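Coordinate analysis (summary)
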Amino acid sequence: MSTVYVFGHQNPDNDAIMSAVVLAQLLNQVNFNGDTYEARRLGPLPAETEKLLAETDTPKPRLLSAIKEKATPQQVVLTDHNEPGQSVEGLEHAQIIGVVDHHRFGDFSTAAPLHIMALPWGSSCTIVTWLFGILGQKPTDAQAKLLLAAMMTDTLMLKSPTTTDFDRLFAAQLGEQLGVDPVKFGMEVFLSRPSGSFTPEQMVGNDIKMFEVGGKKLLIGQYETVDKSRALGMIPEIRKAMAAYQKKQKADGIVLCITDIMEEGSQVLLEGDTAAAQKGLKIEDVAEGVWMPGVLSRKKQVAAPILAAN
Ligand SMILES: [Mn+2]
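What you are looking at is a predicted structure, and each value in this text was computed from that prediction instead of being measured. (Residues numbered from 1 in each chain as written. Predicted model: local features only at pLDDT ≥ 70, side-chain atom pairs only at ≥ 80, totals over all residues. Heavy atoms only, no water.)

**Considering the packing of aromatic side chains**
Under the definition given, this model contains 6 aromatic pairs. Ring geometry for tryptophan 121 against phenylalanine 170: centres 6.1 Å apart, planes inclined by 40°, an arrangement best described as tilted. Of the two residues, tryptophan 121 sits in the loop between strand S6 (115-118) and helix H3 (124-134) while phenylalanine 170 sits in helix H5 (residues 165-178), which places them 49 residues apart along the sequence. For the pair shown, tryptophan 121 and phenylalanine 170 are each scored as buried. (Phe/Tyr/Trp six-rings, centres within 6.5 Å; stacked < 30°, edge-to-face > 60°. Helix = DSSP H or I, 4+ residues; strand = E, 2+ residues; numbered from the N terminus. Buried < 20%, exposed > 50% of the residue type's maximum accessible area, 1.4 Å probe, protein only.)

**Topic: helix H6 (residues 182-191)**
The complete set of buried residues in H6 reads Pro182, Phe185, Gly186, Val189 and Phe190. Along the long axis of H6, the arc covered by the buried residues comes to 140°, so they all point the same way. Exposed side chains of H6 directed beyond 90 degrees from the buried face belong to Lys184, Glu188 and Leu191. The inward-facing, buried residues of H6 contact helix H1 (14-29), helix H2 (47-55), helix H4 (141-154), H5 and strand S8 (216-225). (Arc of directions from axis to C-beta. Contact = heavy atoms within 4.5 Å.)

**Focus on the coordination of the manganese ion**
Asp15 (OD), Asp80 (OD), His102 (NE2) and Asp154 (OD) make up the full set of protein donors to the manganese ion, lying at 2.2 to 2.3 Å. For the manganese ion, the donor residues sit on a single chain with the sequence spacing D-x64-D-x21-H-x51-D. You can see aspartate 15 sitting in helix H1 and its partner aspartate 154 sitting in helix H4, a full 139 residues away along the chain. The same class applies to aspartate 15 and to aspartate 154, which are both buried. (Donors = N, O, S within 2.8 Å, 3.2 Å for Na, K, Ca; no water.)

**Thoughts on helix H11 (residues 298-309)**
A rise of 1.5 Å per residue sets the reference length of H11, with its 12 residues, at 16 Å; its end C-alpha atoms lie 15 Å apart and thus fit the reference within 8%. Looking only at H11, the buried set comprises Arg298, Val302, Ala303 and Ile306. With its buried residues spanning 75° around the axis, H11 presents them on a single face. Contacts from the buried residues of H11 go to strand S7 (208-213), S8, strand S9 (253-260) and helix H10 (275-281). Taking the backbone nitrogen of lysine 299 as reference, a side-chain oxygen 3.4 Å away marks serine 297 as the first, capping residue of H11. (Expected span 1.5 Å × (residues − 1). Polar contact = N/O pair within 3.5 Å; in protein donor to acceptor, adjacent residues only side chain to side chain.)

**With respect to the domain arrangement of the protein**
Once the domains are mapped, the protein shows domain 1 (3-191) and domain 2 (197-309). Spacing between the C-alpha centres of domain 1 and domain 2 amounts to 25 Å. Taken together, the 18 residues of domain 1 in the interface contact 20 residues of domain 2. Summed over both sides, the interface of domain 1 with domain 2 buries roughly 1700 Å², with 59% coming from carbon and sulfur. Together, Asn11, Leu156 and Lys159 form the three largest contributors to the area buried by domain 1 at its contact with domain 2, with a combined 30%. (Domains from an automatic or database assignment. Buried area = accessible area lost by both parts, 1.4 Å probe.)

**Quick notes on the sheet that holds strand S10 (residues 265-272)**
Across the sheet, which stays open at both edges, the 5 strands sit in the order S7-S8-S9-S10-S11 with mixed pairing between neighbours. One side of each edge strand has no neighbouring strand; the edge strands of this open sheet are S7 and strand S11 (290-293). The mean angle between the axes of side-by-side strands here comes to 25°, regardless of whether they run parallel or antiparallel. Where S10 lies against S11, 4 bridges are found, and the strand directions are antiparallel. From the neighbouring strand, glycine 265 faces S11, where its bridge partner is proline 293. (Pairing = 2+ DSSP bridges. Axes fitted to C-alpha atoms, helices over the stretch in contact; angles between N-to-C directions.)

**Quick look at the sheet that holds strand S3 (residues 62-63)**
Here we have 6 strands laid out as an open sheet, ordered S3-S2-S1-S4-S5-S6, and parallel in their pairing. Every interior strand has two partners, whereas the edge strands, S3 and S6, have only one. Judged from the 2 bridges that link them, strand S2 (residues 36-41) and S3 form a sheet pairing that is parallel. Bridge pairing links arginine 41 to leucine 63 in S3. Taken strand by strand, H3 contacts strand S5 (95-101) and S6, and its axis lies near 100° from that of S5.

**As for the environment of threonine 153**
Structurally, threonine 153 is set in helix H4. In the structure, threonine 153 is positioned 138 residues away from aspartate 15 in sequence and 7.5 Å away in space, judged by C-alpha atoms. Here asparagine 14 takes part through its side chain, which lies 3.1 Å from a polar atom of the side chain of threonine 153.

**Thoughts on the side chain of threonine 225**
Within the fold, threonine 225 resides in strand S8. On the basis of relative accessible area, threonine 225 is assigned to the buried category, the value being 3%. From its side chain, threonine 225 meets the backbone nitrogen of aspartate 227 in a polar contact 2.9 Å long. Apart from the residues within four sequence positions on either side, threonine 225 is in contact with Ile258, Thr259, Asp260 and Ile261.

**A closer look at unusual backbone geometry**
One non-glycine residue, methionine 157, lies in positive phi territory at about 55°. Within the secondary structure, methionine 157 is located in the loop between H4 and H5. On the basis of relative accessibility, which here comes to 4%, the residue methionine 157 falls in the buried class. The backbone phi angle of lysine 282 is positive, close to 55°, even though this residue is not glycine. By the element assignment, lysine 282 lies in the loop between H10 and S11.

So this is what it looks like as structure tokens:
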């Protein structure tokens, strides 16, 4: 019997943490493979995540800073990601025994067969909810709350084009169990983020991923807000923070989407070498950024067209 670490991507968002926390609970609940599953995190907890864990008396996952080389490799389950560049330092020393994810697969290979639960649904927590049924379990109310919260933040209250009928179906089921309207509940979770106090550095680094595009490293970040006007008043400072972050991460370019959930669109800022991003998004690098109406999903409406065009 061994201890398996379960964790989501770097710069974790609500879905990255909740998918790891609840999946680890589920696998322990059914004594999967006779192993013990321990949820971990690769970065700080988002404010709404911390609040939800406290409200449900769920222990906070411990930080995992790196995986070291050992005689018996550390076994891991990846949630909400699969690309090594978005994962833990030293992932090459681990044995990946499972993946539960809703992203594209990039640069992924393993030595041994593994469990892969990959579906192009709106959130990894939707897949975890589905796994409860497959394993003959029903989420507790606490688990239902954590799952539903992450489904709502990842799909921007089911408004993102990444939302599928499966997300709507499972959200309705969990909402019914909890006696809440999923969208109203999601809005409350969203409003519990202290977005009014975000610094330019936090807006840039809060939710950002590295992509390899045409041999270059491109960072794509997203800052979600219910009112973009505050961020738009800080564009020069945000651009400075973008340039600093890009330098620190040794990336060639950086894209930041300031996504306004209420107005349903994103102001897109570019810094550094972003020729690939300009080509994919069909926009130019202008000082105040470009407003892209309807753009809510980094994955589907930003990263995918950039990767496809280059
Ligand atoms: Mn996700």
